[in-house]
Each structure stands twice: as structure tokens, then as C-alpha cells.
Amino acid sequence: MSIFNSFPGLPGPDETAFCKINEVYCCANIRYGNISTFTNSIKNHPKINVTKDLYHHHRLSDENISVYVDVEDNLLKKITSVWYKQGFLEALSLAADPNVNRESQILAITASYALKVANLFTTLRYFMQPHLKDIGPKIVSKYSRTRNWSNAPVKCIAWHPHATKIALATADDNVRIYCSEVSFVSTLKCKAQGHVSSLSWRPYSASEIAVGCEQGVIVWTVDPNSMFTKPSSSNAVVLKQPGHSPVTDVSWSPNGDLLVSCCGADTSMLVWDVSMESAIPLRRVAGGGIVFARWSLSATKIFAATSSIIFRVWDTQTWIPERWCARGCRVVAACWGPQDIILFAAKSEPIVYALTSTGLINGAKTSKAQPVLDVTKIELPSGDIVGGPILDMCWDCTGKYLALMFEETHIIAVFCTTQLMMHLSVSPCCFISGIDTEVPSTMAFQENFSEGACLTIAWSSGRIQYFPIIYTDNYCS
Amino acid sequence: METKSEIFSQRLIKAVLWNICLQTALAILLVFIIQVDLIHPLTWISSTFNDIASWKMSLNIVLLGLVSFFQAYIYGSYYSMPIPKYFSRFSMFLNLFSVQNIVFSTLYALNGYFTMSLYSSLAKSNYNVLKKKCENYDGQCLSEQSLFLQFAGMWMGLYYFTSAHLFGAAVLTFPHIYQEKFQQIKLVISNIISMGFQHSVTPVLYYCIFYYVWGNKPRSVVSDVYSLYLEDPPLDNIINLISSGIWIGLWFYTSLFFVSIYTMKTVFNIVLTEPMKFPIESEKQMTLYDALSQRSQFTGYLGAIDLKHLSMVDPVRRSQIFTLSQPGGHPRNWNNLLEKCLLIIKEFNKELDSVNGDTNSVDDIHHRKGLSKVPLTPPSSYSGALRNMAQSPNLLELKEHKSYKLETTFAATAKEEFNNFLQKLCQKPGINYFFGEMVNTKLKFIFIQAQPVMWTCEGLSYIVSASLKEDKYGIVQNDLPLVLSTLVNLKQNLDKLSKPGIVPRKHILNDVLAIKIRSALLSSVKRSLYRIVITFSKFIHEIPLDPDVQIALQPFLICKEA
């Protein structure tokens, strides 16, 4: 008996789900329905629809750049431009290419030999450190929790912890900031900002946002009172360190003082003091690159997932990790809840595990991981398929609702979670599905939603949907 | 040295021991590498062991210990004293020739000399003796290469002293996270070695130029004194210098010297900056507010950083702050702590004010603050979550009024006149250049010492925001207006510095470290205000605040403060 059988049924063919108010699952017609008929709680939320004409230009993907090289240029110019844009090795391979370099035979031969030597070194390096094999965007796309990261119109979203303000990274690598009170949108873009993988607002600050991108971390200061829609890059600080690229995840500590950045190709995770622009690496043997890190709500612990089965839980006082091993595959998603409980899921496995530290029992601190939820793929009576390996997981900050996004199926499942005496119980809440062929790209819970929880979903069409789950105290009692 | 506190000297001794261990390890590694013999690995290892166990090695370790104690002395006396304030060019120039600097430079020169000879003797080269047997004559000849190297040792010591101490204020920077000591050393050791080899290139070049120009003088002096013959081609000739190959040795030993000095510095930083827990109440040990009251001294730093840790992650000691003293029922712990914290922030504020130029308003603000301890409108009722201790009548107010009586005696007037005269004299262009205060430098000094202020603000804000849930008696909320107004004041002062247009051009900071610390300080003050305001957002209108402060807090309340 799967947990999915006890969910309320999906809305009919012309209907879609809008919200859930006190256990009532509100659905209405796709074309005529309006969420304001059910609730006013998101009346002031910015209406966002990311469409193609919003982009200023489309970035060329790295695979096909060579197709666009202008054949009319002379050889030297071509080589230098490739060197400037893509690096020395690419320039060498261009010079060695007999199709491009017809003029200078000597250069071609020298270049091909140099390339052979360079390749020997790279092979040796990859033999020693196999996790470095992928280059920039490939690493990000491999480890991203966003479905189809390289082509999705919305790459990632982040809610401000204290204000109704949301930041989106769009496919053209601009970061757009939408705010509930003002109608204009700030667009953040600078030259260094490419292949944005993650966003994080600084807690206890109205203006600072960290953007994880290929070169490193960019910390923008966006003055909320300023009317500029395109802040200049003088408002940005680029934090980078050799070997720490591409950044696959950034996250601020809940106290707002430290920033942790992770890179899928770097075995150390960096703890930044942003104003001093200094970083301290945290490194331990084994495990490969650190893919992402999550701060616990009380800022006392950090969960760090590596690209192998190993994951670590760091203590933020002593900065000593506790090492864990997942059973089959690397950890793909994790989220902290109240009382330092952590839920995580491994790649290509339809099970959610909970890791609880059971506190001091007989003077010894013990913690254990146990499965709490099985979401094996099943077919619903309506014919839709739901469940399967987990792609992304979000838990709202009160620890009441858990949203799951799946790798192979396109319906988001929301669960109610209750924590009683260190025991976590999970019960069904509702499904959310897209309109027509939409598939969910990424999602997040709003952090300052006082009426309950507001799940925000970025669909593959570029539509941003707010799905409020409202409960009133009277109803509970 | 005698003013140093016990904590500091204990740590210094610990650092010396660590340093000796680490340096010995490096020395053994060096011996091991120098005797490399891949064809006969057994002889290689056995000869290394023989060398390590020999009496020469233990002599070297004693030498190493001596060097290490030199360094500890320098470091100790450097950090235990408050940073001297020299704001005019003249006083800075005079400071170059202070007794302390002369002693330091001698010590550094000796240090360089010993380190050089230590490593060269470890490497089994015979550069430690100035004499050698002549090949062509009968008698003693001068080994100029030894002279060259020994002079180089002193030169490097002096070079390091000049670059690190004279032209750069060495401040103890506390890392933002503190890992285990061993981990920290592991992380930096490769960096230290590569840095040592890179940084030694410039002083070696300088030294070669120096020797090219002046080298013949020490050579003739030494050969005269010891009545030695000169046999080898002189080294103050570029071709001879290069062909002799001594420059490779020089670069190698200089790099080792830099590696050893960087190692020492790192070890000292790691040991000295280790966070420490101070008790809240104690008869024997130093308490947190004792530590805090030693502002700008080493213990003050430790106290401030401990305050931040305590307020963030230590509920046990936090609850001690929120308790009342047993006989009497006064919130003594909190009052002591608050007094010390506010003092740190206010002192800093005063310094900023003096730079901002409105010295008159300082007294005004302080005066008003004394008054505003009594809320203007006594709060009639508090809602459930916000508690308050009974508003006791404040006697402090009366005392402060008394101290504001102006004493106009003749001596005071004369002094004031004299000061005015001096100030006027200082305005004259030429004199101003040498004797005038440089605001840049002053700001730099202020900011370089601002780290404890940062931690104090944050610590205070954590305690205050924790008090909403943990403070049973409402001790802290009684002083909420005071904390808020102090923080707002500091924020406004910092804003005045960074906003263009208000501050004249000459105030612009040009020191990278100071600029970074300024932005760090501003950001931590804002974060502290946000933390308090967000925590108390529901009750903010019930807190009796000055209208000015209330206006200043508005943007924080609606999350619009950049």
C-alpha cells in the first residue's frame, strides 16, 4: 500500500490546484479560475512569468561555440580570440586542427605535439583526481537539483528570509529580483556571472544576495530604496579562490555572519567572511568534491554532501565533522527541520531518510538514520504516474510541510510532517501538477509567510506559481 | 613585559613549545632531504638517523630554542602593548628610532644570523667558519662566501623587520572560524613553504645589489681584524658572484629563513587566537566582564570573541546572565556586562566622533543619554511576551548632572589658550605637513582596533534577542532602549564616514585592511540592529525610545535599510 493512495485525487482535466486551506484542496478551471477567489494571502505577491523575450540575448552554449568561429578572420586573430575566450588548450587544439590551420604547417605540428604533452598531463591528473573530469557547466548541471538546469528558463529561486522578495536566476544568467511592494524588477548582471547555480539571501540584511556561479561567488548589495533597475557591477564583490570553480552551492548561515560555498570539483568547502573577503577551507580526506551544504536552522550544524556516498555533518563550534555513508548513491537533496532533524534522499532511490541526534542518552551522544518515507513510483487510479527517485526536497521552516520533486515523474507531492517526541510522522497532504505539458524545474518555500506555508514552483514554461497552504489556529484546535 | 596578563604569557610559552616542535620537524625533514640517496635507501635512512641523534643536532635544537625565545619575546611585547598612536608625520618619524624598534631590529638581525647558520650547518656546508686554510699560501685565508652568507642572515632579519613592522602595522587578526590547531597547520604548511620561496627572491636581489656596492668594506675589515689573506676572486663582482654559485645557497637559506619566520608567525597566531571561555561568575578566575574591561588589550579581544560565542551557542552561561543575584535580587551579571559592552561601543563612538569633527555634539549626546535612561513616558502595560522589571527611580541621573558643572579656573583657561595657540600654529602649511594630524592614519588606527567592537555589538544583539524567550525576569528588556540607541548612534557615525559628500576628501581611507574592517563593522552593526528589531518587531512600539532612534529604526522595521 503506497502512501500516494491516500492523497486527495488530482483535479479534473480542465482544472488545476490553486491552494489548500484548512484541509480543503481548492481546484478551479485552468482558464477562468483565480486564486483570489480562495485566499488573499498572496494578493501582493509579484506576478512572474519568465518568457523568452525577457532575455536580452541567449548565451551560446559551450559545446557549439566552435561552430560560430568566424572563418573570415586570419589565423593569428582566431587563435588569440579563442585563447582569450576559452583558454590556452582550446587555442592549441585550434592551431593543431588541419581544417582551420592550413597556412602554417610548422605551427600546426608544434601545436599538435604540445597538445599531446598537455593531454598526457591531463590524463595523469584525471587518473589521480577523477572527480575533476567534467568541466564547469557540466559539473553544475550534473549536480544541480533543478530539472534540466542547462535549458530551464528559471535556474534557481530564493526567497528573502524577512521580506516578500524573491530572486530568480534566469537562463541568460541574469538574476532578477521581484518585490511585493514595488513594481519594477532589479536585474543583476556582471561579466563574471555565468552559469548561475545557486542563490542565497543574507539573513538580517535587506540588500545582500550571494550568487554562486562558475567563477566563484558574487555577493551583490542591492539597495532596496534605489530605483535603478540595473545596479552597476560596483555593487558586487566577486569572491573566488583558485581551484574552487564552478561553485555548485552557496548558503548563508542563519545568523548572517558566514557564507559557505561548495564546488563539485573541490574537496574543500569554503567558509567566507564576506566583508574581509577571506575564506577558510574545511577539508577532510575522502569523498570527492563537496556538492552542497545546508545550515541547520539554529546554525549549530552544517550538512555537507559530497559527490560520493560520503556525507558529513559539521559542528559549527568545534568545526569537526561526523562522517556518514549513504547506502547506494550520493546524497541528492537534504533539508533541516526544527530540533536539528535532517531529512535526506540519495540519488536514484525513492526513499527519504531522517537523521536525528537523539540527544544525550547515558552520557553518550548518539544519532541514527532511518527511512521515514517510501515514495516508490506507482500509477494513480486516474492514470497519472507519481513517485520514483527524488530530485529535490523542500521543508518549510516550521517543519510542517515537506514537498518532493521526482526525477522521472512530474507531479509534486506535498506531505504533512509532525514531530512528536523525536519521532517524525509523515502524512499525505496534496499533489501539485502543471498545466498541459509543464514540468516542475525548481521549488522553494517562502520563508516569511505567516499564514502557513507558501510553496513556490518554477515550471518549465517559465511560470512561477505560488501554492499557499493555509491553516488557522482555530481550525487546529 | 611585566604588564602582561597571565593568560597571554601562558599562551606565549605554549606557542614557543609548539614552535620548537614544528621547527625541529622541519629541520629533520631538511636533513632527510639533503642526504637523499635513492640508490642506497638504507644508508640514506641510517645516516639521517645518525645525524639526528648526534650531539650536533641537539646543539642545533638548543639554538633553535634560543631563536624561538627571541621571537616570542618580540611577539609578546608587540601584542601585549596597545598599538601606539602616531598621527603626525613627525611623530611617526621619531617612532622609527624608538628604543623598542632598535632592540627589535637587533634581535631580528641576530635571529636572521642564527637561523642562517643553523640551516647551513644542518645542510653540512662549511659556511659557519670565516677562516679556511689557504691553498696557495701558507696560512689562514678568508672564506668570503661564509662572510657573504652571515651578513645575508642579518640583512634578511632586518629586511623582514622593516617590511613587517615598520611599514605595516602587525595586528593580531582572529580567524572567523577556529578549527583544531593541527588542521590549521596542515592547511597552511604547503602555502608557507611556497610563500617562503617566493618572497625570498626580492630581498636576495636587494642584498646582491647591496653587496655589489658595499661588499668590499666588511671584507677588508674582517680580513684586517683576523689578519687573513684574500685568495678567492672577490664576490662584489657580478660574474664572480654568479659563477661561484653562492647565490643559489643564499636564496635557499633565505627561503628557509622566511619559512621559519612564517611558521613561527602562524604558530603564534594559531595559539594566541584560540578562543577561551570566561566564566560569568567566579571568585578565582577572570570573569567575562573583567576580560571585557581590558579593551584593546589581548584579553579584551578574547573576552569580546567569547561574548559572541556565548551569546550564540551557550544557553547555560546565557541563563546565568539572566539570573538575579541571590541576596538582593539585582541583575548584577547583566548590569556589569552591559556596562562593559556599552563602554567599548561608546569609546569607539567617541573616537569616530573626533574624526567626524563634531566634538561638541559628543557631550551633548552623552548628556542626553544619561537622561534618557528614565523613559519619557512610563510604559503603562506590557503585553504577555514583553516583560519588564519594575522601573526603579534612577539615581544615576543626579550624579551626572553634578559632573557637568564647569570649573573655570585660571589654570584651565591658560591651558586652553595654549592649546588654541598650538592648534593655530599647526595650521601653517609647512608645519602642518610635519606636525599636523593625518586623519587617514588616525582612521586606519581606529579601524584596525575595531574587531572587538564588532563582536561586542553582535554578542549584545544575540543576548538581547535571546532574552525574549529566555529572560524570565525581563532584566534585559529594561535596558533595550539604551542598547538600541547606542547601536543606532554607532551606525550613524559609521554612515557619516562612508557617505560621499558629507566627509571632505582628505578623510578617504586608502588602507585596504581598514576599508575592509570598516565595511565589516558597518555590516555587523546593521545585522545586530536587524536582529533586535526583527525579534522584537511585534513589541517595538511598546519600547520607550527616543523619537530620533525610533525614526532611525523605521527602515529596519520595514526591511528597507540597505
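Computed from a predicted model, the values in this text were never measured in an experiment.

Engineer: Explain the overall build of chain A to me, please; I cannot follow it from the model alone.
Structural biologist: In terms of helices and strands, chain A carries 5 helices and 31 strands. Rg of the C-alpha trace for chain A: 24 Å, near the compact-globule value of 23 Å for 477 residues, within the 12% margin. By its C-alpha atoms, chain A is 85 × 60 × 50 Å across when sized along the principal axes. Out of the 477 residues belonging to chain A, those deemed buried represent 54%. Sequence separation of 24 or more characterises 48% of the internal contacts of chain A that already satisfy a separation of 6 or more. Of the roughly 21800 Å² that chain A leaves accessible, carbon and sulfur atoms contribute 55%. Each charge sign in chain A was given a centre, from 39 positive and 40 negative side chains, and these centres are 5 Å apart.

Engineer: I would appreciate a short explanation of the confidence of the model for chain B in the present structure.
Structural biologist: Close inspection of predicted coordinates is inappropriate for parts of the model with low pLDDT. All names here are of chain B. Looking at chain B, pLDDT values average 79 and 85% of them are 70 or higher. Note that pLDDT drops below 50 for residues 359-385; the model gives that stretch 40 contacts with residues more than four away or on any other chain. Counting contacts from residues 501-506, a segment whose pLDDT is below 50, to residues more than four positions away or on other chains yields 4 contacts. Reported confidence for the predicted complex is 0.84 by ipTM and 0.83 by pTM.

Engineer: Teacher, can you tell me more about the packing of aromatic side chains here?
Structural biologist: For any two aromatic rings, the description comes down to two numbers: the centre-to-centre distance and the angle of the planes. All names here are of chain B. As enumerated under the stated definition, the model contains 40 aromatic pairs over all chains in all. Seen in terms of ring centroids, Tyr 159 and Tyr 206 are 6.2 Å apart; in terms of plane orientation they differ by 50°. Their pairing is tilted. Here Tyr 159, found in helix H6 (residues 144-166), pairs with Tyr 206, found in helix H8 (residues 201-214); they are 47 residues apart in sequence, far enough to count as distant. Judged by its relative accessible area of 22%, Tyr 159 is partly exposed. What makes Tyr 206 partly exposed here is its relative accessible area of 44%. Relative to Trp 251, the ring of Phe 197 lies with its centre 5.5 Å away and its plane at 75°, an arrangement referred to as edge-to-face.

Engineer: Explain the packing of helix H21 (residues 451-470) of chain B against helix H23 (residues 480-498) of chain B to me, please; I cannot follow it from the model alone.
Structural biologist: Packed helices, taken two at a time, are described by their axes: the angle between them and the distance between them. Residues and elements named next belong to chain B. Closest axis-to-axis distance for the H21/H23 pair is 12 Å, and the angle between their directions is 145°. Considering how the two elements wind past one another, H21 and H23 form a crossing that is left-handed. Counting all contacts with H21, which are made through Val 453, Cys 457, Leu 460 and Val 464, the residues of H23 involved are Leu 480, Val 483, Leu 487 and Leu 490. Its residues assigned to classes, the contact of H21 with H23 shows 8 nonpolar, no polar and no charged.

Engineer: Explanation requested: the confidence of the model for chain A in the structure shown.
Structural biologist: Mean pLDDT for chain A: 86, with 91% of residues reaching 70 or above. Taken together, the stretch residues 57-67 of chain A has pLDDT below 50 and engages in 13 contacts with residues farther than four places along the chain or on a different chain.

Engineer: I'm lost on the interface of chain B and chain A in this one. Help?
Structural biologist: Interfaces are frequently sized by the accessible area removed from exposure as the parts join. On the chain A side, the residues contacting the 27 residues of chain B number 35 residues. Of the roughly 2700 Å² buried where chain B meets chain A, counting both sides, 60% is carbon and sulfur surface. Three residues stand out in chain B for area buried against chain A, namely His176(B), Ile177(B) and Lys560(B), and they jointly supply 25% of the buried area on that side. Scanning the region where chain B abuts chain A turns up 3 salt bridges. Put simply, Lys308(B) and Asp257(A) hold a salt bridge, and the shortest N to O gap is 3.8 Å. Our enumeration of links across chain B and chain A arrives at 7 residue pairs in polar contact (both at pLDDT 80 or more). For the side of chain B that touches chain A, the secondary structure elements donating two or more residues are helix H7 (181-199), helix H13 (298-313), H21 and helix H24 (512-535) of chain B.

Engineer: Just checking my understanding: could you explain the sheet that holds strand E3 (residues 154-159) of chain A for this structure?
Structural biologist: Across a sheet, paired strands are connected by hydrogen bonds in the backbone, their directions being either parallel or antiparallel. Residue and element names in this part refer to chain A. Within the open sheet, the 4 strands sit side by side as E3-E4-E5-E6. Their pairing is antiparallel. With one partner strand each, in any of the chains shown, E3 and strand E6 (186-188) form the two edges of the open sheet. Recorded for the sheet is a direction-independent mean angle of 20° between the axes of neighbouring strands. Here strand E5 (residues 175-179) pairs with E6 via 3 bridges, running antiparallel. By the bridge assignment, Val 175 is partnered in E6 with Leu 188.

Engineer: How do you make sense of the pattern of salt bridges when you look at a structure like this?
Structural biologist: Pairing is possible between side chains of opposite charge, provided their charged atoms come close. Residues and elements named next belong to chain A. One pass over the structure, following the stated rule, counts 22 salt bridges over all chains. Its salt-bridge partner being Lys 377, residue Glu 408 comes within 2.8 Å of it at the nearest N-O pair. Note that Glu 408 is positioned in the loop between strand E26 (401-406) and strand E27 (412-420) and Lys 377 in the loop between strand E22 (364-374) and strand E23 (378-379), a separation of 31 residues in sequence. Taking relative accessible area as the criterion, Glu 408 reaches 43% and is therefore assigned partly exposed. A relative accessible area of 39% places Lys 377 in the partly exposed class.

Engineer: Before we go on, may I ask you to explain the sheet that holds strand E18 (residues 321-325) of chain A in this structure?
Structural biologist: Residues and elements named next belong to chain A. Strand order in the open sheet formed by 4 strands is E15-E16-E17-E18, with antiparallel pairing between adjacent strands. Of all the strands in the sheet, just strand E15 (290-295) and E18 have a single pairing partner and so form its edges. Mean inter-strand twist for the sheet, computed between neighbouring axes without regard to direction, equals 20°. When strand E17 (residues 310-315) meets E18, the two strands line up antiparallel, connected through 5 bridges. Bridge pairing links Phe 311 to Trp 324 in E18.

Engineer: Any chance you could explain a nonpolar patch on the surface here in plain terms?
Structural biologist: All names here are of chain B. Nonpolar side chains collect at one region of the surface, where Phe 90, Leu 94, Phe 418, Phe 421, Leu 422, Leu 425, Ile 431, Tyr 433, Phe 434 and Phe 435 lie side by side and expose about 950 Å² of accessible area between them. When contributions to the nonpolar patch are tallied by element, the ones reaching two or more residues are helix H4 (89-95), helix H18 (410-426) and helix H19 (429-435). Its place among the elements puts Phe 421 in helix H18. According to the relative accessible area criterion, Phe 421 is exposed, its value standing at 51%.

Engineer: Just checking my understanding: could you explain unusual backbone geometry for this structure?
Structural biologist: What you tend to see is this: most non-glycine residues have negative phi, and most peptide bonds are trans. Residues and elements named next belong to chain A. In this chain, Ser 245 is followed by Pro 246 through a cis amide linkage whose omega measures -5°. Inspection of the secondary structure assignment puts Pro 246 in the loop between strand E10 (236-239) and strand E11 (247-252). The backbone phi angle of Glu 277 is positive, close to 55°, even though this residue is not glycine. Overall, Glu 277 belongs to the partly exposed group, its relative accessible area being 40%.

Engineer: Explain empty space enclosed by the protein here, please?
Structural biologist: For the structure on display, the rule yields 9 cavities of 30 Å³ or more. If you go around the largest cavity, you meet 17 residues; those closest to its centre are Lys165(A), Cys179(A), Val182(A), Pro224(A) and Lys560(B). In terms of residue count, E5(A) provides more of the lining of the largest cavity than any other element does, 3 residues in total. Considered class by class, the residues forming the lining of the largest cavity number 11 nonpolar, 2 polar and 4 charged. By volume, the second largest cavity amounts to about 70 Å³. Surrounding the second largest cavity, Asn19(B), Ile20(B), Gln23(B), Leu64(B), Val67(B), Ser68(B), Gln71(B), Thr115(B), Leu118(B) and Ser260(B) form its lining. Looking at the lining of the second largest cavity, the elements with two or more residues in it are helix H1 (6-34), helix H3 (55-80) and helix H5 (99-122) of chain B. Broken down by element, the residue count for the lining of the second largest cavity peaks at 4 residues, all from H3(B). Here the lining of the second largest cavity is composed, by residue class, of 4 nonpolar, 6 polar and no charged.

Rules behind the numbers
Residues numbered from 1 in each chain as written. Chains lettered and ligands numbered in written order. Predicted model: local features only at pLDDT ≥ 70, side-chain atom pairs only at ≥ 80, totals over all residues. Heavy atoms only, no water. Helix = DSSP H or I, 4+ residues; strand = E, 2+ residues; numbered from the N terminus. Rg over C-alpha atoms; globule rule 2.2 N^0.38 Å. Buried < 20%, exposed > 50% of the residue type's maximum accessible area, 1.4 Å probe, protein only. Contact = heavy atoms within 4.5 Å. Areas by Shrake-Rupley, 256 points an atom, 1.4 Å probe, with all protein chains shown as cover. Lys, Arg positive; Asp, Glu negative; His and termini not counted. Charge placed at Lys NZ, Arg CZ, Asp CG, Glu CD. pLDDT = per-residue confidence, 0-100. Phe/Tyr/Trp six-rings, centres within 6.5 Å; stacked < 30°, edge-to-face > 60°. Axes fitted to C-alpha atoms, helices over the stretch in contact; angles between N-to-C directions. Left-handed = near helix turned anticlockwise from the far one by under 90°. Nonpolar A, V, L, I, M, F, W, Y, C, P; charged D, E, K, R; others polar. Buried area = accessible area lost by both parts, 1.4 Å probe. Salt bridge = Lys/Arg side-chain N within 4 Å of Asp/Glu carboxyl O. Polar contact = N/O pair within 3.5 Å; in protein donor to acceptor, adjacent residues only side chain to side chain. Pairing = 2+ DSSP bridges. Patch = residues over 30% accessible without salt bridge, like charges linked within 9 Å, V, L, I, M, F, W, Y side chains within 5 Å. 1 Å grid on protein atoms, 1.4 Å probe; cavity = no way out; pocket = protein on both sides within 12 Å on 5 of 7 lines; lining within 4 Å. Points joined across faces, edges and corners; volume = space filled by probe spheres on them.

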